[in-house]
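Take a look at the letters that make up each chain.
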Amino acid sequence: MGQFLYNTHILTEIPLADSEAILDAHTLEQVPVTRWTAFSWSHSRHTLFATCRRRYYLHYYGSRRIRETNSRVVRAIWWLKQITPMSAWIGTVVHEAAAAALRAVRDGMPVPDVRVLARERFAAGLEASARGRKLDGRWLVLWPDAYGGSGTGSPEELLEGLLDNLLASDTYKSLTNLPGGLFQEIDEAFQSFELEGIARLGTVRTFAIPDVLILNDRTLRIVDWKTGSTTPDSVRWQAGIYQLYAGLTYDLQEEEISVEIVDLTQGSSGEPAGGTPGFAETRAFIETSIAEMVDLMADVDYHTVSIRDFPMTDDLTLCQTCNFKRACRRE
Ligand code: SF4
């Protein structure tokens, strides 16, 4: 963990007020926005905004333009952002293994052993993180190597439990028996759509990351694996966002799209509780969320913000599991 400790050490050397002043100057600097710094929206952004304003600030603004800035504090925030909870890494591993199997079905190739794939990937991640090396060209900093402790029970048991539920699920079995030509998307990277007519911003790139899309004539089935804890409300809105993404991307009506959530932590599946919100309801939800975020911008055209408008939460229990706790001096 040499790189991580080396790059975050600055946060233990200087007072909080000094690092906040450096970040404030950084996020208020008026530089023309680019594809990388323009505002975009996602459900995870909405969730972080609601959880802790400071966490949202550090995640989305604190480490922007890291190369041009050449600031040790900004670099430290970038490294804290890379911290991945063990449960999230396990979820990623299961998603990747399921996607590899379904791509083989799509391509008419032999289906790999999902358990073997997942276990190998899991172990590779543990080793890369512990040794402070990149995994497939990207840094992976697992929680235990940053802050100690696993933050979860036995990681191996969690992995095996998710795999058991995946392989036992009727949804997974049915997908592995489908004709390959019906698979439209399998765990694609950075699925997004353009939401037009947003107040004060115009068009906003909106991310939706559904796992599997099956298109049969004009009937589209969306399947999403859930591998971590979440709330029913969150699942419902995510389903609405997936449906809106599919409607705009494939020019379909909402009644032509179904969303199936497969909860691998519980071994259950079905439509989200309360049903999938329609296009109009989902769009209204996104617009309200964006408006709250825009209200806190210092300058909308330059997409700048001030740290003063993003206070730390008073709920210290949230800080215990937050990857930015070193930045807030709440370790
Ligand atoms: S450590 Fe606490 S106050 Fe700081 S960003 Fe995280 S949740 Fe917010």
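Residues numbered from 1 in each chain as written. Predicted model: local features only at pLDDT ≥ 70, side-chain atom pairs only at ≥ 80, totals over all residues.

1. Side note on helix H8 (residues 86–106)
Counted at 1.5 Å a residue, the expected span for H8 with its 21 residues is 30 Å, and the 30 Å between its end C-alpha atoms agrees. For H8, the set of buried residues is Met86, Ser87, Trp89, Ile90, Gly91, Val93, Val94, His95, Ala97, Ala98, Ala101 and Leu102. Positioned one or two residues after H8, glycine 108 has a phi angle of 70°, which is positive. (Helix = DSSP H or I, 4+ residues; strand = E, 2+ residues; numbered from the N terminus. Expected span 1.5 Å × (residues − 1). Buried ≥ 20, exposed ≤ 12 C-beta atoms within 10 Å, placed from the backbone.)

2. Things to note about the site of the ligand
In the neighbourhood of the ligand, 13 residues make up the surrounding shell, with Cys52, Met312, Cys319, Cys322 and Cys328 lying closest. Put simply, the parts of the chain that give the shell around the ligand at least two residues each are helix H5 (53–62) and helix H15 (316–320). Per element, the largest residue contribution to the shell around the ligand is three residues, and it comes from H5. Here the shell around the ligand is built from residues that sort into eight nonpolar, one polar and four charged. (Near = placed C-beta within 6 Å. Nonpolar A, V, L, I, M, F, W, Y, C, P; charged D, E, K, R; others polar.)

3. Remarks on the nonpolar core
With 70 residues, the main nonpolar core has Ile90, Val94 and Ala98 as its most contacted residues. Mapping this core onto the domain boundaries places at least three of its residues in each of domain 1 (86–168) and domain 2 (182–288). (Core = buried A, V, L, I, M, F, W, Y, C linked by C-beta atoms within 7 Å. Domains from an automatic or database assignment.)

4. Side note on the pairing of strand S8 (residues 202–207)
Pairing geometry for strand S1 (residues 40–41) and S8, over two bridges, is parallel. Counterpart to tryptophan 41 in the pairing with S8 is threonine 206. Summarising the sheet, strand S7 (residues 192–198) and S8 pair through five bridges and their orientation is antiparallel. Bridge pairing in S8 links isoleucine 198 to glycine 202. (Pairing = 2+ DSSP bridges.)

5. Examining the environment of arginine 115
Mapped onto the elements of the fold, arginine 115 is located in helix H9 (residues 114–131). Between the alpha carbons of arginine 115 and valine 94 there is a distance of 8.7 Å; along the sequence they are 21 residues apart.

6. As for the sheet that holds strand S9 (residues 212–216)
Within a sheet, neighbouring strands are paired by backbone hydrogen bonds and run either parallel or antiparallel to one another. An order of S6-S9-S10-S11-S12 is seen for the five strands of this open sheet, with the pairing classed as mixed. Edge strands, defined here as strands with exactly one partner in the open sheet, are strand S6 (183–186) and strand S12 (268–270). Going across the sheet, the axis of each strand differs from the next one's by a mean of 15°, ignoring polarity. Summarising the sheet, strand S11 (residues 257–263) and S12 pair through three bridges and their orientation is antiparallel. Bridging across to S12, aspartate 263 finds its partner in serine 268. This element, H8, spans S6, S9 and strand S10 (219–226) of the sheet and lies at about 155° to S6. Where helix H13 (residues 232–250) meets the sheet, it contacts S9, S10 and S11, and its direction lies at approximately 140° from that of S11. (Axes fitted to C-alpha atoms, helices over the stretch in contact; angles between N-to-C directions. Contact = placed C-beta atoms within 7 Å.)

7. Examining helix H14 (residues 279–295)
Along its 17 residues, H14 runs 24 Å from first to last C-alpha, staying within 8% of the 24 Å computed at 1.5 Å per residue. Of all the positions in H14, only Thr282, Ile286 and Ile290 are classed as buried. Summarising the axial view, the buried residues of H14 lie within an arc of 65°, below the 170-degree limit, and thus occupy one face. Residues of H14 that are exposed and point over 90 degrees away from its buried face: Ala280, Ala284, Thr288, Glu292 and Asp295. Where H14 is buried, its residues touch S1, S7, S8 and H13. (Arc of directions from axis to C-beta.)

8. A word on the environment of lysine 325
In this fold, lysine 325 is placed in the segment after H15. Using a count of 19 C-beta atoms within 10 Å as the deciding quantity, one classes lysine 325 as partly exposed. The residues contacting lysine 325, other than those within four sequence positions of it, are Cys319, Arg330 and Glu331.

9. Considering the domain arrangement of the protein
With domains assigned, the protein is organised as domain 1 (86–168) and domain 2 (182–288). Computed over C-alpha atoms, the centres of domain 1 and domain 2 are 24 Å apart. Between domain 1 and domain 2, the contact holds 14 residues from the first and eleven residues from the second. Those elements giving two or more residues to the side of domain 1 that touches domain 2 turn out to be H8 and helix H11 (155–168).

10. What to know about the pairing of S9
With three bridges joining them, S6 and S9 adopt antiparallel strand pairing. Residue pairing across strands places glutamate 185 opposite leucine 213, the latter belonging to S9. Of the strand pairs in this sheet, S9 and S10 are connected by five bridges, and their pairing is antiparallel. Counterpart to isoleucine 214 in the pairing with S10 is arginine 221. Following S9, the chain reverses through two residues before pairing antiparallel with S10; aspartate 217 in that reversal takes a positive phi of roughly 60°.

11. With respect to the sheet that holds S8
Taken together, three strands build an open sheet; the order of strands is S1-S8-S7 and the sheet is mixed. Of all strands in the sheet, those bounded by a partner on one side alone are S1 and S7.

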